[in-house]
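# Observations on the model geometry
Given next are the chains, with one letter for each unit.
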Amino acid sequence: MSWFSQTLTSSIGKKLLMALTGLFLISFLVIHATINAMIFYNDGGETFTHWGHFMGTNPIIRTLEIVLVAGFLIHIADGLILWKNNREARPIGYAVNNRSANSTWYSRSMGLLGTLLLIFLVIHTAHFWIPNRSNQFATGEELNLYQMMLDIFQNIWVVLIYVGGCISLFWHLLHGFKSAFQSLGWNHVKYNGIISFVGTAFSIVIPLLFALMPISMYLGWVK
Amino acid sequence: MEGNMSLSLKVWRQSNKETAGGFENYKLDSVSPDMSFLEMFDVLNEQLIEEGKEPVAFDHDCREGICGSCSMYINGRPHGPLRGVTVCQLHMRSFNDGDTIVVEPWRAQAFPVIKDLVVDRDAFDRVVSAGGFISVNTGNAQDANSLPIPKEAADDAFSAAACIGCGACVAACKNASAMLFVSAKISQLALLPQGQAERSIRAEKMVAQMDAEGFGACTNTGACSAECPKEISMENIARMNREYIGAKFSSSAV
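In this numbering scheme, every chain counts its residues from 1 along its sequence in written order. Starting at A for chains and at 1 for ligands, labels are handed out in the order in which the entities are written. Local features in a predicted model are, by the rule used here, given only for residues with pLDDT of at least 70; side-chain atom pairs are given and counted only at 80 or more, and totals for whole chains, interfaces and linings are based on all residues.

With that settled, consider the overall build of chain A. Strands are runs of DSSP state E lasting at least 2 residues, helices are runs of H or I lasting at least 4, and numbering of each runs from the N terminus. Within chain A, the secondary structure is distributed over ten helices and zero strands. Seen in sequence order, chain A has helices and strands lined up from the N terminus as α-α-α-α-α-α-α-α-α-α. Along the longest, intermediate and shortest principal axes, the C-alpha atoms of chain A span 55 × 40 × 40 Å. In chain A, which comprises 223 residues, the proportion classed as buried is 29%. A pair of residues counts as a contact when their C-beta atoms, built from backbone coordinates, are separated by no more than 7 Å. Of the contacts formed within chain A by residues at least 6 apart in sequence, a portion of 77% connects residues at least 24 apart. Once C-beta atoms are placed from the backbone, each residue is buried if 20 or more other C-beta atoms lie within 10 Å of its own, exposed if 12 or fewer, and partly exposed for counts between those two.

All names here are of chain B. Strand order in the open sheet made by the five strands is S2-S1-S5-S3-S4, with mixed pairing throughout. This sheet does not close on itself; its edge strands, each paired only once, are strand S2 (22–31) and strand S4 (77–78). Pairing between strand S1 (residues 5–13) and S2: eight bridges, direction antiparallel. From the neighbouring strand, Trp12 faces S2, where its bridge partner is Phe23. Each of S1 and S2 is contacted by helix H1 (residues 37–50), which is oriented at about 100° to S2, the strand it contacts most. Here the rule is simple: two strands pair whenever DSSP picks up at least two bridges between them. A fitted line through C-alpha atoms represents every axis, and for helices the fit uses only the stretch in contact; the resulting angles, taken between N-to-C directions, go from 0 to 180 degrees.

To continue, consider the UniProt feature "transmembrane region" (unreviewed entry) in chain A. All names here are of chain A. As annotated in UniProt, the feature "transmembrane region" (unreviewed entry) corresponds to residues 16–40, 60–83, 109–130, 152–174 and 194–221 in the numbering used here. Annotated as 87% helix and 0% strand, the span residues 152–174 places its first and last C-alpha atoms 29 Å apart. Across residues 194–221, helical content stands at 89% and strand content at 0%; the span's end C-alpha atoms are separated by 35 Å. UniProt positions are given in the numbering used here, feature names are shortened, and annotations may be inferred rather than shown by experiment.

Residue and element names in this part refer to chain B. The domain boundaries here were taken from an automatic or database domain assignment. Each assigned domain of chain B is listed here: domain 1 (5–114) and domain 2 (122–250). Placing a centre on the C-alpha atoms of domain 1 and another on those of domain 2 gives a separation of 29 Å. At the junction of the two partners, domain 1 supplies 18 residues and domain 2 supplies 16 residues. Its residues placed into classes, the side of domain 1 that touches domain 2 shows nine nonpolar, seven polar and two charged. Residues are grouped as follows: Ala, Val, Leu, Ile, Met, Phe, Trp, Tyr, Cys and Pro are nonpolar; Asp, Glu, Lys and Arg are charged; every other residue, Gly included, is polar.

Below, the discussion takes up the pairing of strand S5 (residues 100–104) of chain B. Residue and element names in this part refer to chain B. Note: S1 against S5, four bridges, orientation parallel. Across the sheet, residue Leu9 finds its bridge partner in S5, namely Ile101. Pairing between strand S3 (residues 73–74) and S5: two bridges, direction antiparallel. Its bridge partner being in S5, Ile74 is matched across the sheet by Val103.

On to the interface of chain B and chain A, then. In this assembly, 38 residues from chain B lie in contact with 36 residues from chain A. Contributions of two or more residues to the side of chain B that touches chain A are made by S5, helix H6 (199–212), helix H7 (223–227) and helix H8 (235–250) of chain B. The element best represented in the side of chain B that touches chain A is H8 of chain B, accounting for eight residues.

Our focus in this paragraph is the nonpolar core. Residue and element names in this part refer to chain B. We define a nonpolar core as a collection of buried residues of the types Ala, Val, Leu, Ile, Met, Phe, Trp, Tyr and Cys that are connected via C-beta atoms lying within 7 Å of each other. Val103, Cys169, Val170, Ala178, Leu180, Phe181 and Val182 are the most contacted members of the largest nonpolar core, which totals 104 residues. Per-domain counts for this core show at least three residues from each of domain 1 (5–114) and domain 2 (122–250). Non-local contacts of Cys169, meaning those with residues more than four positions away in its chain, are made with Ala178, Leu180, Phe181, Cys224 and Cys228.

So, on to unusual backbone geometry. Its identity is not glycine, yet Asn42 of chain A carries a phi of approximately 55°, on the positive side. As for its placement among the helices and strands, Asn42 of chain A is situated in the loop between helix H2 (11–36) and helix H3 (46–57).

All names here are of chain A. One less than the residue count of a helix, multiplied by 1.5 Å, gives the span that helix is expected to have. An ideal rise of 1.5 Å per residue puts 40 Å on 28 residues; helix H9 (residues 156–183) measures up with 39 Å between its terminal C-alpha atoms. Leu173 marks the point of greatest bend in H9, at about 30°. The first or second residue beyond H9 is Gly185, which carries a positive phi of 85°. We define the bend at each residue as the angle formed by axes fitted to the 7 residues ending at it and the 7 residues starting at it.

Once that is clear, we can look at the environment of Thr100 of chain B. All names here are of chain B. Here Thr100 shows up in strand S5. When the 12 C-beta atoms within 10 Å are taken as the criterion, Thr100 is described as exposed. For the pair Thr100 and Asn25, spaced 75 residues apart in sequence, the C-alpha separation works out to 9.5 Å. Leaving out residues up to four positions away in the same chain, Thr100 has contacts with Ser8 and Lys10.

The end-to-end C-alpha separation of H8 of chain B is 22 Å, in line with the 22 Å expected for 16 residues at 1.5 Å each. The element H8 of chain B is largely enclosed, with a buried count of twelve among its 16 residues. Regarding H8 of chain B, the residues found buried are Glu235, Asn236, Ile237, Ala238, Arg239, Met240, Asn241, Glu243, Tyr244, Ile245, Ala247 and Lys248 of chain B. Packed against the buried residues of H8 of chain B are helix H1 (3–9), H2 and H9 of chain A together with helix H3 (151–161), helix H5 (179–190) and H6 of chain B.

Okay, the packing of H5 of chain B against H8 of chain B next. Residue and element names in this part refer to chain B. Contact geometry of H5 with H8 gives a least axis separation of 8 Å together with a crossing angle of 70°. Accordingly, the angle class assigned to the pair H5 and H8 is roughly perpendicular. Contacts between H5 and H8 pair Met179, Leu180, Val182, Ser183, Ala184, Ile186, Ser187 and Ala190 from the former with Asn236, Ile237, Arg239, Met240 and Glu243 from the latter. Any angle that falls under 35 degrees is termed roughly parallel, while one over 145 is termed roughly antiparallel, one within 65 to 115 roughly perpendicular, and all others oblique.

This part takes up the packing of H9 of chain A against helix H10 (residues 192–218) of chain A. Residues and elements named next belong to chain A. The N-to-C vectors of H9 and H10 enclose an angle of 170°; their axes lie 9 Å apart at closest approach. Taken together, H9 and H10 sit at an angle that is classed as roughly antiparallel. Classifying every residue of the contact of H9 with H10 by side-chain character gives 21 nonpolar, four polar and one charged.

This paragraph deals with the environment of Asn137 of chain B. Residues and elements named next belong to chain B. With respect to the element layout, Asn137 can be found in the loop between helix H2 (122–131) and H3. The class for Asn137 is exposed, based on 4 C-beta atoms found within 10 Å. In this structure, the C-alpha to C-alpha distance between Asn137 and Gln14, residues 123 residues apart in sequence, is 46 Å.

Here's what the structure looks like:
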């Protein structure tokens, strides 16, 4: 094996990949949340559609979209491999285990939270991204995403699934954001405070912003 | 004696690596609260010998918290309920009269059970053999002051070197990861001038050996550090990640 693949398949290398793709996906969340928040202008989707059109047609963004899909796939595949390796490291478990005495439940449940997010991701892309891109490939025309949101978010069950996805995202980020820096070796007395603060704030603000979108449309605050 | 306790013990018994084990229940009366946990096991074993039964095998040596031999998973936590102590430093006053105490061996693929509560921790020795050393030429030791070492670096190296290799980090980790142990062993040398010669090859080889032994990866839950009897810091794991990634991307070992 070359030194490069040796590095990436080592236990530390796999965590390095998780951290790098995780931080990349975090940067995607910033863009996604910002552009979607344009619905809160409540201008019938004019600003939102303007930016949605830019994201859907700009050649640089469309190229980065391929990198984004790769980022998701690596993060998911690497996570599953780590989950399998880690389970194999302890074939016989403890009869009595008092884990809450030494760690938080969400830090121990990244695989479970990630799986919930993956299920949400499938539902979410089936609602918007896949139909829109399919239509673009077939006809070259974009769909009216704003109208689709208004329609889809009339169903209370869909709204609940989206809010559930946001709650999973909150817990996943609450550990994942800080954990990524530790995996990258960025544990330093000068930066730990700011990483912890930004990580917690990010984990609250982004999922809250996302959750408000289906809720606002369901309750008719955004029309 | 007044103030002594009655306890129920649920102890893991296993004849050897190959056979399946199981829990056995024992009753102990008149346990002094001033006994250490291991002394309580001595009392149990004397009782078992008198009854003509096989005593419980458990690891112990110094009984003053520095050898790293004792390794019991007590009521769901390595080294029991207290922080920063080994089993031998845990006293029965940390329990209450009438308690049921469950005692299991460390559980990890890399730490097979030899007998009862004794596990094989040779994997740690092999990780250290892979690179946890420095090469020193023979001859007189040079004057200590000829190697300037910042106080902070010496302190950090000393804190890492406090690791006694008991394996509580592996036992506590949900992934049975040995990263706290390996990172302490890498850090204690990487921080000092004497450790510079083999610095990158050390990180590469020790991590490779750690992976070969079948330990898991790190999820940064912090359970290892919380349960470590020497309270080794998670900063060491971050340092190991830097050492390893830096070595992999810059050393001339292809």
